[in-house]
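Secondary and tertiary structure notes
Below are the chains, spelled out letter by letter.
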Amino acid sequence: MIDRKMCKFCGKELQGRSDKIYCDVHCKSSYHYKRSLEGKPTFYNKVDKQLKLNRRILKSFNKAGKTTVRATVLLRQGFSPKFFTHYWKNGRGDVYLFVYEYGFLKKTENGRDKYVLVQWQDYMDM
Ligand SMILES: [Zn+2]
């Protein structure tokens, strides 16, 4: 039985040498171009990745349930305050932004930007 091989890009049956993968250089470069487009992260992937990173950073700095960290410390780790999942407003009107169960509130103390880190509590119910 003769093993007929198809071009990896256009699917046409290949002629000639048995080790060929593409019809010609055009099919070869088109295949690689298509692959490079498919490999690009989508908007969803980027947001998803940033949310996961934010959560991991907040979790690692918030072992006690509530703490205050300098903004630069979080930002240096790759934290991006623009990406969060929801918010909670307390009685004083402070809006805590949450990344899943980990929340943060920006405040300035002695001219330094800080984040108050909290964990989601049942009473914050959405
Ligand atoms: Zn081809």
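Residues numbered from 1 in each chain as written. Predicted model: local features only at pLDDT ≥ 70, side-chain atom pairs only at ≥ 80, totals over all residues. Heavy atoms only, no water.

1. Topic: the side chain of Q50
If you trace the backbone, Q50 turns up in helix α2 (residues 43–61). Among all residues touching Q50, those that are not within four sequence positions of it are G78, F79, S80 and F83. (Helix = DSSP H or I, 4+ residues; strand = E, 2+ residues; numbered from the N terminus. Contact = heavy atoms within 4.5 Å.)

2. Thoughts on the packing of aromatic side chains
Within the structure shown, the criterion is met by seven aromatic pairs. Taking 5.6 Å as the distance between ring centres and 70 degrees as the angle between the ring planes, the aromatic pair formed by F79 and Y115 counts as edge-to-face. Of the two residues, F79 sits in the loop between α3 (71–76) and β2 (86–89) while Y115 sits in strand β5 (residues 112–119), which places them 36 residues apart along the sequence. The interplanar angle of 85 degrees and the centroid separation of 4.9 Å between the aromatic rings of F98 and W120 together place this pair among those described as edge-to-face. Of this pair, F98 sits in strand β3 (residues 95–99) while W120 sits in the segment after β5, and the two are 22 residues apart along the sequence. (Phe/Tyr/Trp six-rings, centres within 6.5 Å; stacked < 30°, edge-to-face > 60°.)

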